[in-house]
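Observations on chain architecture
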Amino acid sequence: MRKLTIELKIKEEFLEMLNFLFDKTESIELIELVKLDFEKGEKMGIASLTMKEGYTIDDIEIPEYMDMLTVLKKEGNRYIIFAKVKFLKKFAQLAKKFDVDIIWDTPSRFTKEKTIISVTGSNDNLKKFLEIIKLLGEIKNISFKKATFNESAIISCLTDKQREIIIAAKKNGYYDYPRKINSEQLSKRVGLSKPTVVQHLRKAEVRLMSNILSGY
């Protein structure tokens, strides 16, 4: 697993979803991407908004594609918010191209002048991501480094769904010997199809082993 950080000059047409913020904020920084659903065309996350002098969060006019904007904390001119946003219809097909097996990471920062995006994944998936991100604009700078995770939270390298399923598998005896539950029984417990559960488990296992055995 490697971490990719790029500096991007996004094309003006793709800045449309953030333009309502740029006039009143100095920067927007992603703290945690809580959910990214390409089928429903929506995302939820926690972000930091640093307001320009003279403006507060109340000055922001919420567009129709933003279902929710809740202030969690205020620190001077910096607001920590939770937001739920729908993809604009004209960008929906493009957004689905980003359905790559990666983890959206930090730092990820947005200003009108430049965008910093960080993601973590395998070499193959990072290459796919790079090809897709070029559709949004010009890459100005790029860096790769080995992904690092807290040993006490090694499962932080997993996506939310992978983490949910592999924990359920462990709790229900899927990894016991002999097994107390098979993949079909596990799929019924978590409310997903057997192929979906097996796929999430395999991807989670590969990610965990790649991190545990990194460097070997």
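**A few points about the nonpolar core**
- Counting residues in each nonpolar core, the largest one holds 39 residues, and the members touching the most others are L49, F129 and I133.
- The element best represented in this core is helix α3 (residues 123–133), accounting for five residues.
- If we skip the residues at most four places from it in the chain, F129 touches L4, I6, F98, I102, W104, I117 and V119.
- Listed in part, the 16 residues of the second largest apolar core include M1, V190, L201 and A204.

**Some thoughts on the packing of aromatic side chains**
- The tally for this structure, following the rule as stated, stands at seven aromatic pairs.
- With a centroid separation of 5.1 Å and an interplanar angle of 90°, the aromatic rings of Y174 and Y175 are classed as edge-to-face.
- Given the relative accessible area of 2%, Y174 is considered buried.
- In this structure Y175 comes out as partly exposed when scored by relative accessible area, which is 37%.

**Focus: the side chain of S118**
- Assignment of secondary structure puts S118 in strand β7 (residues 115–121).
- Of the residues examined, S118 reaches a relative accessible area of 0% and is grouped as buried.
- Polar side-chain contacts of S118 include one of 3.0 Å to the side chain of T5.
- Beyond its immediate sequence surroundings of up to four residues, S118 is in contact with K3, L4, T5, I103, W104, D105, T106, P107 and S108.

**Topic: the sheet that holds β7**
- Overall, antiparallel pairing links the eight strands, which are arranged β4-β5-β3-β2-β6-β7-β1-β8 in an open sheet. The sheet terminates laterally at β4 (66–75) and β8 (137–146), the two strands that pair on one side only. Taken over all neighbouring pairs, the strand axes of this sheet differ in orientation by 20° on average, direction set aside.
- Relative to the sheet, α3 contacts β1 (2–10), β6 (103–110), β7 and β8, its axis offset from that of β1 by approximately 5°.

**As for the pairing of β7**
- Within β7, seven of the seven residues are buried, which leaves it mostly tucked inside the rest of the structure.
- One ladder, built from seven bridges, connects β1 with β7; its direction is antiparallel. What sits directly across from I6, in β7, is I117.
- Joining the antiparallel neighbours β6 and β7 is a turn of four residues.

**Remarks on the confidence of the model for the chain**
- Scored by pLDDT, the chain has a mean of 87; 94% of the residues are at 70 or more.
- For the chain, helix α1 (residues 19–22) is the element with the lowest average pLDDT, namely 84, and helix α5 (residues 183–190) is the one with the highest, namely 94.

**Some words on α3**
- Taken residue by residue, α3 has N125, L126, F129, L130, I132 and I133 as its buried positions. With its buried residues spanning 165° around the axis, α3 presents them on a single face. For α3, the exposed residues lying more than 90 degrees away from the buried face are D124, K127 and E131.
- Those residues of α3 that are buried are in contact with β1, β6, β7 and β8.

Conventions and cut-offs
Residues numbered from 1 in each chain as written. Predicted model: local features only at pLDDT ≥ 70, side-chain atom pairs only at ≥ 80, totals over all residues. Heavy atoms only, no water. Core = buried A, V, L, I, M, F, W, Y, C linked by side-chain atoms within 4.5 Å. Buried < 20%, exposed > 50% of the residue type's maximum accessible area, 1.4 Å probe, protein only. Helix = DSSP H or I, 4+ residues; strand = E, 2+ residues; numbered from the N terminus. Contact = heavy atoms within 4.5 Å. Phe/Tyr/Trp six-rings, centres within 6.5 Å; stacked < 30°, edge-to-face > 60°. Polar contact = N/O pair within 3.5 Å; in protein donor to acceptor, adjacent residues only side chain to side chain. Pairing = 2+ DSSP bridges. Axes fitted to C-alpha atoms, helices over the stretch in contact; angles between N-to-C directions. pLDDT = per-residue confidence, 0-100. Arc of directions from axis to C-beta.

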